[in-house]
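As a plain string of letters, each chain reads:
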Amino acid sequence: GLQRQHLLLIFILLGAAVLRLYRLDQAGLWYDELYTVWASGLPVTDIVPEAAASGHPPLYYLLMHAWLIPGSGDTWVLLFSALAGLVTVWLTFLAGKEMFSPQAGLWGAAFAAVSPLLVWYSREATMYSFLVALSLLSFYLLARCARRGGWKNWCGYVAATIAALMTSFLSPVLLAAQVPLYWLLRDGQRSRPRHWFISQAALAAIALGIVLLARTWTTEGWATWTWPSLPQVLNGIVRAPYVLTGGWIIEASAGFPHPEMPDIPVWFLWLGAGLFLIVCAAAITAVAGWRQYLPQRNTIAVAVCTFILFVAPAIILSAISRAASARFYAWATPALFLLVAAALGAMPSKARRAAGLLTVVVLFAFTVWEVGFLPRMAGDWRGIFSAIEEDAREGDMLVCFPLHHCVVAADHYLPAPDGAGAMLVSGGIPVSGSPAVYFLPFGESWTGYRSGYFGEGGKSSPLSGAEMDERLRVEVAGARRVWLVTEDESYGGYPSTGEILRFLGEEWTLSGHW
């Protein structure tokens, strides 16, 4: 009954809240999160060009500008993403109920509540939890438009999709994924095609503007655009479902090495995917029969939509030589879970409950492992600046490599106008795989990606060898003590770390290390 559905949904949302809020700030913030806080704290007129230069449209940063309270701690910073994650769980239920059945909606919401990937981004102060919620809202409202029509549904759909387009430069992919969804779900009597064409014309015009704005981000990539090879695309396709379900445990093992995780060979992923499909096909045939599942238009619509959502970003990012991390296709996770929920709906009740609960338990185990045991991204900035603040003295200098990491971290963790907060921050940006380091002009500090100091066509050139030694000598001249914060050479791939330590070791005395 309806009352039981509501009770189950409340229980699922409470479980989702516990996973997203329990010890939310236990690890502090890493660079991407600290940069979000720093950029969101800029004047509104500076947020738009800075966001575009960093590779994103401005909506998320503008919302965070309004959300953040000066001096607020990590918990408040992270709460925005956690709330967006809870909204995603609720929307998964509504979307499943609209496209399949209330039962499928509840199972989909249960899977989303304990999803390792969704929980991970719900506990991270970046835009991706918000983007998943927006894209799911867009799909849910489009499903209502296709089945029910109505100007309220169409206006809501257009507004949600515009918000998604203003959150990620990859959001035009949503428009492509929504084409099969609309036409396969469409009720010919209630939904008129002209409403679809009008909305798509308006959204396509906005998407075109977003793509033109994206040239700020992909200037170099557009100049070197190359179609990815077929093996690249196929490997991305086979890896995506693993990452969408297993989260960062799989992400860190299959394509994005992590020092705590073993490497998983691609052939093993292909073998696992093949066996999984064979087992699922046999199970569905045995307990339900193909006719109860595959021929349904709503199932095909969601399947095609899900495929586009994780394949298209992988192709686009490979074409501009960027890694297709799970953050760029996490929006496909709720749709994938709804497909699983639809498959469960074709099974007898006992088999459905057993398979559904087993899926929840497995996802929950992955989530507990990732949240409780898998280390966060590189850099314990809260611990670093806590140690600096406790022992800061007059005449100290903070020298950082990469410099921009320290600038945004110091802005958040050392905001005091005197004491450690007034410590001079200097340093440079190492070149990955090279002993060279970019340095800013003397007397200038890093002011964001929009400043255009580094990279091809930037305002500074990389230094190495004797030139770097001389620049370091001038940088630390006059300081009584130097706090050196640098990326680990083996993890970050910065050979310059050893050169920096060598120079300081020759002219300075090491008084402490952590």
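Scroll up for the structure.
Residues numbered from 1 in each chain as written. Predicted model: local features only at pLDDT ≥ 70, side-chain atom pairs only at ≥ 80, totals over all residues. Heavy atoms only, no water.

Trainee: Before we go on, may I ask you to explain the overall build of the protein chain in this structure?
Mentor: Helices and strands together make up the secondary structure of the protein chain, namely 22 helices and 5 strands. Burial status across the protein chain gives 50% buried among its 514 residues. A total accessible area of about 23,600 Å² is found for the protein chain, and carbon and sulfur atoms account for 65% of it. (Helix = DSSP H or I, 4+ residues; strand = E, 2+ residues; numbered from the N terminus. Buried < 20%, exposed > 50% of the residue type's maximum accessible area, 1.4 Å probe, protein only. Areas by Shrake-Rupley, 256 points an atom, 1.4 Å probe, with all protein chains shown as cover.)

Trainee: Hey, could you run me through the packing of helix α2 (residues 31-40) against helix α4 (residues 59-67) in this one?
Mentor: Any two packed helices are characterised by the angle at which their axes cross and by the distance between the axes. Closest axis-to-axis distance for the α2/α4 pair is 8 Å, and the angle between their directions is 75 degrees. When the axes of α2 and α4 are compared, the pair comes out roughly perpendicular. In this structure, α2 contributes Tyr35, Thr36, Ala39 and Ser40 to the contact, and α4 contributes Tyr60, Tyr61, Met64 and His65. When the residues that make up the contact of α2 with α4 are grouped by side-chain class, the tally is 5 nonpolar, 3 polar and no charged. (Axes fitted to C-alpha atoms, helices over the stretch in contact; angles between N-to-C directions. Parallel < 35°, antiparallel > 145°, perpendicular 65-115°, else oblique. Contact = heavy atoms within 4.5 Å. Nonpolar A, V, L, I, M, F, W, Y, C, P; charged D, E, K, R; others polar.)

Trainee: What's the story with the state of the cysteines in this structure? I'm lost.
Mentor: Every disulfide links exactly two cysteines, by a covalent bond between their sulfur atoms. In this structure the tally under the stated criterion is 1 disulfide. The disulfide bridge from Cys400 ends at Cys406, spanning 2.1 Å between sulfur atoms. A torsion of -80 degrees about the S-S bond marks the disulfide between Cys400 and Cys406 as left-handed. For Cys400, a relative accessible area of 0% translates into the label buried. (Disulfide = S-S within 2.5 Å.)

Trainee: Please explain the side chain of Ser135 as it appears in this structure.
Mentor: For Ser135, the position within the fold is in helix α8 (residues 128-148). Overall, Ser135 belongs to the buried group, its relative accessible area being 1%. Setting aside residues up to four positions removed in sequence, Ser135 forms contacts with Leu174 and Trp331.

Trainee: Could you clarify how one ought to interpret α4 in this entry?
Mentor: Note: α-helices contain 3.6 residues per turn, so residues at a spacing of three or four share the same orientation. Of all the residues in α4, the buried ones are Tyr60, Tyr61, Met64 and Trp67. All buried residues of α4 project into a common sector of 115 degrees when viewed along the axis, lining one side. Along its buried surface, α4 packs onto α2, α3 (44-54), α5 (74-99) and α8. (Arc of directions from axis to C-beta.)

Trainee: Would you explain the pairing of strand β2 (residues 424-430) in this entry?
Mentor: The side chains of a regular strand alternate, first on one face of the sheet and then on the other. Burial analysis of β2 places 5 of its 7 residues in the buried class, the great majority of the element. The sheet contact formed by strand β1 (residues 396-401) and β2 spans 4 bridges and is parallel. In the sheet register, Met397 faces β2, and the bridge partner there is Leu424. Where β2 and strand β3 (residues 437-439) come together, 3 bridges link them in antiparallel fashion. Note that in β3 the partner of Ile429 across the bridge is Tyr438. In this antiparallel pair of consecutive strands, β2 and β3, the connection spans 6 residues, and Gly433 shows a positive phi of 80 degrees. (Pairing = 2+ DSSP bridges.)

Trainee: What is the right way to look at the pairing of β1 in this model?
Mentor: For β1, a buried count of 6 out of 6 residues is recorded, marking the element as mostly surrounded by other parts of the structure. Residues Asp396, Leu398 and Cys400 line one face of β1 and the alternating positions Met397, Val399 and Phe401 line the opposite face, and both faces are buried. Where β1 and strand β5 (residues 481-486) come together, 6 bridges link them in parallel fashion. Residue pairing in the sheet places Met397 in a bridge with Val482 of β5.

Trainee: Would you mind going over the pattern of salt bridges with me for this structure?
Mentor: Note that side chains of opposite charge can pair when their charged atoms are close. On inspection of all chains with the given rule, the structure shows 12 salt bridges. Salt-bridge contacts for Arg327 lead to Asp32; the nearest nitrogen and oxygen are separated by 2.9 Å. Of this pair, Arg327 sits in the loop between α15 (297-319) and α16 (333-345) while Asp32 sits in helix α2, and the two are 295 residues apart along the sequence. Between Asp469 and Arg502 there is a salt bridge, with its nearest N and O atoms 3.0 Å apart. On the criterion of sequence distance, the pair formed by Asp469 in helix α20 (residues 465-475) and Arg502 in helix α22 (residues 496-507) is long-range, its members being 33 residues apart. Overlapping salt bridges bring together Asp391, Arg393, Asp396 and Arg481 as one network. (Salt bridge = Lys/Arg side-chain N within 4 Å of Asp/Glu carboxyl O.)

Trainee: Help me understand unusual backbone geometry, please; the structure alone is not making it clear to me.
Mentor: Excluding glycine, residues mostly have negative phi values, and the peptide bonds linking residues are mostly trans. For the bond from Phe401 to Pro402, the omega torsion is 5 degrees, close enough to zero to count as cis. Structurally, Pro402 is set in the loop between β1 and α19 (403-413).

Trainee: Would you explain the packing of aromatic side chains in this entry?
Mentor: Aromatic rings considered in pairs are described by the distance between their centres and by the relative angle of their planes. One pass over the structure, following the stated rule, counts 25 aromatic pairs. With 5.9 Å between their ring centres and 80 degrees between their planes, Tyr60 and Tyr61 make a pair best called edge-to-face. In this structure, Tyr60 and Tyr61 share a single accessibility class: buried. These aromatic residues form a ring-pair network of at least three members: Tyr31, Tyr35, Trp38, Tyr60, Tyr61, Trp67, Trp76, Phe80, Phe130, Trp446 and Tyr449. (Phe/Tyr/Trp six-rings, centres within 6.5 Å; stacked < 30°, edge-to-face > 60°.)

Trainee: How should I be thinking about a nonpolar patch on the surface in this particular structure?
Mentor: Nonpolar side chains collect at one region of the surface, where Leu7, Ile10 and Leu14 lie side by side and expose about 310 Å² of accessible area between them. Looking at the secondary structure, you find Ile10 in helix α1 (residues 2-21). (Patch = residues over 30% accessible without salt bridge, like charges linked within 9 Å, V, L, I, M, F, W, Y side chains within 5 Å.)

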